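Structural description and commentary
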Amino acid sequence: GGGNPPPQPGAPPATSAEEPKETTSSSSSQQPTVTVSNLKVEDAVSAKVVWASLFYEIPLQVGANVKDQPHPVLAVGNEQVSGGGNAMALAISLLSESGSKMSLMEQLMQDEWCEWERTVLRKAVGNDKKLTVALNHLNSSLAAGSGIHIVGSTTTVADIALVSTLKSLPSSVALFSAVQRYVQAHSASWAKMETSLQELVDQAANSSSIKVDTTQTSLIELVDSLFRQTVEQVFGKIDLPAAVVKRCEQAKHGDYQCSAAMPAFAFLKKSGSLPADIKSPQMVAKELVEAIGSDHPAVMELGVNGPGFVVCRIRPAVLEHHVNAFLEAKKLPLPKLPSQVCVVDFSSPNIAKEMHVGHLRSTIIGESVCRVLELVGHKVHRVNHVGDWGTQFGMLIQYLKEEYPNVSSGAELPNITDLTQFYKNAKQRFDDDADFKKQSQLNVVDLQAGDADCMRIWKLLCDISRKEFEKVYKRLDITIEECGESFYNDKIPPVIEEFEKAGLLQQEDGGAKVVFTDAAKIPLMLQKSDGGYGYDSTDMAALKYRLKELKADRVIAITDFSQGDHFKMIFAAGKAIGWLDKGQRLQHIGFGTVMGEDGKRFKTRSGD
C-alpha cells in the first residue's frame, strides 16, 4: 500500500485525526437497523465495529449474544455480515454518505491497507522479527504522508483497522516515531470509542441478564424466580414443581441449590422437544449456568453438582443492600406474602392439672409462631386445645363426690386449690379400688349423656383450671382462645360416617372402627370397641372443623416430638378423605420431650 502525499505548502500542519461526531446523521433514520452482538471490552474486533459506527454516524442496536460465537456478530437489517472486524467496519462505512463518496483510488488503497493489517501486521504479532519489519514498513508509509491518515485526508476504515491492532499490541512493543505520532493523533477518537464500547457491553449485559428484584426480602424466592426465568428463556415454558430451590445442606457447596434441571430434562424428553446436544440433566444444568453467566448481579459461583443440581451463592452486594436497608429503617422488612388463614394449636394443658414445663414450651413457641404469622399479615386463630374431656373426668367426678358427699345433693361446690394433688389422689383410688374404677366409668357415661350433677362438677373443674392457666398466660403475655376436646363431641360421629361412606373405615374384630394410612403401620382409632372416642377421634374432628369451618389455609400443631407420628397419621387421613382440596398445609412443630428427675416423660393425665 502507498502513503499519502505531503501537505501542500502553506497548509496548517495536521496534529490530530478528526473525532467521531456527537450527533446522529439525519439520514440514519432511513438506514436499515444495524445490530451487533457479542461485543467485548479490550477486543480489537469490537473496537473496529464501534469506532466505525461512531465515525460514520451509524447507530448500533445491541442484540442478544450469539451462543458459541467468540467474536462480535454484525447484522444489517436481516442480513448477517460475513467476515471479521475489517469487513464489519467496511459494511458500516458503506451505509454512510461520507464512506460512499471515496474515490476509486482511495477505496482501493483502503482495501489494500485493511488486507495488509489482516495478513501482515496481525500475523506478525508474537514474532518480534516479523513485527519489526511490519512496523518499519508502516512507519515509512506514514512518514511519507500526513502522518495522521494512511489513506487520503480523512479517517478511513484503514485507519480504524490499523490503530485498533496497534492499540492491542503488548506494551513491551516499541513503536517507531511516526507510528507513535499516528496512534497519538487518533487518541481522542480511541477514548470515545472505549467509552461507547463499555456502554454497549453494559447494555448487552443488562438486556441479556435475567432480571430479578434484588431488593425483595426473601432470598430463596429471588433465587427461585431467577432459575424459573432461566429455564423458560433457554428451553421454553416448562411446568416445574412448586419447590425447585432450597438452602444447601453444606455451606461449602453454596448458599442455595436448584433441582430444576431434572424435571426440565424429563419434560423435554417426554415431549420430544429435547435439543439434540442435550443428553442428560447435567447438560441442562450447564445450560442454565451458562445462561445466567458469571456476572449476574444477584448470584455468583454457579456450578453443577451430582445428577444436575445447580448451586450458587448470593452476591455480597445483595446482602449488603439488605443489611443497610435494615439499619436505615431500624426494623426488619416484611416479606410480601398473600394473606392466609392460619390455625395454631398450642399450649393445650389438661384440665384439673397444673401446667408443667412441657406445656410452657408449647405455649411460648406457639405464641412466637402466632406473632410472626400475624406480623406478615396472616389471620391467625390461636387455639388452646385443652384436655377437657375423656375418661379421666369420670375418675375426678367420683373422687369429688366421695370427698364432698353433699355435692350430689346440690350443695355449693368446694374450693379446690391444689388440683395436682387432687388429680393424683383420684388416680391412686382409680388404680387401687375396683369399685371406684367401675363407678368412675359409669360417671363417664352419665357425663356424655349430659347428667346434671356430672356436668356441674365437670364445669367446676374446668373453671378452676382456667383460672390457674390464665395466671400463667397473663404473666407471659399470651393471647389464646380455648377450644377444647369437648367442643368436638358432636362433630365426631359425622366424621366417622364420612370415612365409612368413602370406604376408608375398617371394623376390627372387637368392633373398633379404624382408618389405616400411608404414614404408619398402625391405624387411627376413630371409635373404640365400647363405642367411646379417644384422641384420634377428637383430632380428626378438630382437623375437619379447622379446614372446613375456619377455612384454614394452614394448620400448625405444636407439641413435643413424641406426638409426631400421631399427627403424621392425622394429616395423612385428612389428605386421604379429600379435605386438603385447596393446597392447605398441615404442620407439626415438635420440641424435645420434657423429662422428670427420674428420666421419665411428664404425664399429666396419669398424675406423674
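Structure's up top.
Attention in this report is confined to the structure presented alongside it. (Residues numbered from 1 in each chain as written. Predicted model: local features only at pLDDT ≥ 70, side-chain atom pairs only at ≥ 80, totals over all residues. Heavy atoms only, no water.)

**Focus: the overall build of the chain**
What counts, and what does not: The secondary structure listing takes helices from DSSP runs of H or I that are at least 4 residues long and strands from runs of E that are at least 2 residues long, numbered from the N terminus. Here the term buried applies to any residue with accessible area under 20% of the maximum for its type, exposed to any over 50%, and partly exposed to those in between, with areas from a 1.4 Å probe on protein chains only. Note on contacts: a residue pair qualifies if any of its non-hydrogen atoms lie within 4.5 Å across the two residues. The Shrake-Rupley method, run with a 1.4 Å probe sphere, supplies the accessible areas, and residue values consider only the shown protein chains as cover.
Per the secondary structure count, the chain includes 20 helices and 16 strands. Within the chain, the proportion of its 608 residues that are buried is 44%. In the chain, the proportion of contacts linking residues at least 24 apart, taken out of those at least 6 apart, comes to 71%. Of the accessible surface of the chain, which amounts to about 32,000 Å², a share of 52% is contributed by carbon and sulfur atoms.

**A word on the packing of helix α5 (residues 128-143) against helix α7 (residues 177-185)**
Applicable threshold: Fitting a line to C-alpha atoms yields each axis, with helices limited to the stretch in contact; the angle taken between N-to-C directions then spans 0 to 180 degrees. Comment on the angle field: the value is read as roughly parallel under 35 degrees, roughly antiparallel over 145, roughly perpendicular from 65 to 115, and oblique elsewhere. Residues were grouped as follows: Ala, Val, Leu, Ile, Met, Phe, Trp, Tyr, Cys and Pro as nonpolar; Asp, Glu, Lys and Arg as charged; and all remaining residues, including Gly, as polar.
The interhelical angle for the contact between α5 and α7, taken along N-to-C directions, is 70°, at an axis separation of 8 Å. Comparing their axes, α7 and α5 come out roughly perpendicular. Note on element contacts: α7 touches α5 through S177, A178, V179 and Y182, opposite L135, L138, N139, L142 and A143. Grouping the amino acids of the contact of α5 with α7 by side-chain chemistry returns seven nonpolar, two polar and no charged.

**Notes on the nonpolar core**
In plain terms, the rule: Here, nonpolar core refers to any group of buried Ala, Val, Leu, Ile, Met, Phe, Trp, Tyr and Cys residues whose side-chain atoms link them within 4.5 Å.
Formed by 50 residues in total, the largest nonpolar core has its most connected members in L60, L74, L138, I150 and L166. Broken down by element, the residue count for this core peaks at seven residues, all from helix α6 (residues 157-167). Dropping the residues within four chain positions of it, L74 is found in contact with V34, T35, V36, V49, L60, E79, Q80, V81, M88 and I92. Counting 39 residues, the second-largest nonpolar core is a separate cluster that includes C342, L396, L447 and Y473.

**Observations concerning the sheet that holds strand β6 (residues 256-258)**
The criterion, for reference: A pair of strands is considered paired only if DSSP assigns at least 2 bridges between the two.
The four strands lie next to each other as β5-β6-β8-β7, forming an open sheet whose pairing is antiparallel. Each end of this open sheet is capped by a strand with a single partner; those strands are β5 (245-247) and β7 (299-305). This sheet shows a mean twist of 25° between the axes of neighbouring strands, independent of strand direction. When β6 meets strand β8 (residues 309-314), the two strands line up antiparallel, connected through three bridges.

**Examining the pairing of β7**
Side chains on a regular strand alternate between the two faces of the sheet. One ladder, built from five bridges, connects β7 with β8; its direction is antiparallel. Within β8, the residue paired with G303 across the bridge is V311. Connecting β7 to the next strand, β8, in antiparallel fashion are three residues, including G306 with a positive phi near 55°.

**Quick notes on the sheet that holds strand β3 (residues 73-76)**
The four strands are arranged β2-β1-β3-β4 in an open sheet whose pairing can be described as mixed. Looking at which strands have only one partner, the edges of the open sheet turn out to be β2 (61-62) and β4 (79-80). Here β3 pairs with β4 via two bridges, running antiparallel. Bridging from a neighbouring strand, A75 pairs with Q80 of β4.

**Thoughts on the environment of Q107**
Formally: Under the rule applied, a polar contact is a pair of N or O atoms within 3.5 Å (in protein, one hydrogen donor and one hydrogen acceptor; residues adjacent in sequence only if both atoms are side-chain atoms).
Its location among the elements puts Q107 in helix α4 (residues 104-124). Separated by 44 residues in sequence, Q107 and V151 have C-alpha atoms that sit 8.8 Å apart. Among the polar contacts listed, one links the side chain of Q107 to the backbone oxygen of M102, at a separation of 3.1 Å.

**Section: the pairing of strand β1 (residues 34-37)**
Pairing of β1 with β3, which is carried by four bridges, proceeds in the antiparallel orientation. Of the residues in β3, the one forming a bridge with V34 is V76. Bridge count between β1 and β2: two bridges; the pairing is parallel. Note on β2: the bridge partner recorded for T35 is Q61.

**Concerning the side chain of S362**
Tracing the backbone through its elements, the reader meets S362 in helix α13 (residues 357-375). Leave out the neighbours within four places in its chain, and S362 touches F346, S347, I558 and F591.

**Quick look at unusual backbone geometry**
For E301, which is not a glycine, the phi torsion comes out positive at approximately 50°. Note that E301 resides in strand β7. Of the residues examined, E301 reaches a relative accessible area of 53% and is grouped as exposed. Within the chain, K551 stands out as a residue other than glycine whose phi angle is a positive 60°.

**Section: the pattern of salt bridges**
Heads up, the condition is: Definition used for salt bridges: Asp or Glu carboxyl oxygen within 4 Å of a side-chain nitrogen of Lys or Arg.
Taken as a whole and assessed by the stated rule, the structure comprises 23 salt bridges. Residue D345 pairs with R546 through a salt bridge whose shortest N-O separation is 3.1 Å. With a gap of 201 residues between them, D345 in strand β9 (residues 341-345) and R546 in helix α19 (residues 535-549) connect regions that are remote in the sequence. Residue class for R546 comes out buried when judged on its relative accessible area of 6%. The residue R429 makes a salt bridge to D433 at a minimum N-O spacing of 3.4 Å.

**Thoughts on a nonpolar patch on the surface**
Worth spelling out the cut-off: Excluding any residue in a salt bridge, patches collect residues exceeding 30% relative accessible area, merging like charges within 9 Å and nonpolar Val, Leu, Ile, Met, Phe, Trp and Tyr side chains within 5 Å.
Taken together, the side chains of L104, M105 and L108 present a nonpolar region at the surface, about 340 Å² in accessible area. Mapped onto the secondary structure, M105 falls in helix α4.

**A closer look at helix α16 (residues 434-449)**
Cut-off, in case you're wondering: Expected span, for any helix, means 1.5 Å times one less than how many residues it has. Each C-beta atom gives one direction from the helix axis, and the arc is the one those directions make.
Here α16 contains 16 residues, and its C-alpha end-to-end distance of 23 Å stays within 8% of the 22 Å for a straight helix at 1.5 Å per residue. Of all the positions in α16, only F436, S440, N443, V444 and L447 are classed as buried. With its buried residues spanning 105° around the axis, α16 presents them on a single face. Of the exposed residues in α16, the ones pointing more than 90 degrees away from its buried face are A434, D435, K438, V445 and A449. Where α16 begins, one side-chain oxygen reaches toward the backbone nitrogen of D435, 3.0 Å away; that side chain belongs to D433. Looking one or two residues beyond α16, the residue adopting positive phi is G450, at roughly 90°.

**What to know about the environment of C248**
Looking at the element boundaries, C248 is found in the loop between β5 and β6. For C248, a relative accessible area of 11% gives the class buried. Excluding its chain neighbours within four sequence positions, the residues that come into contact with C248 are H253, G254, D255, Y256, Q257 and V311.

**Focus: the side chain of S537**
When you line up the elements, S537 lands in helix α19. Not counting residues up to four positions away in its chain, the partners in contact with S537 are I492, M525, L526 and Q527.

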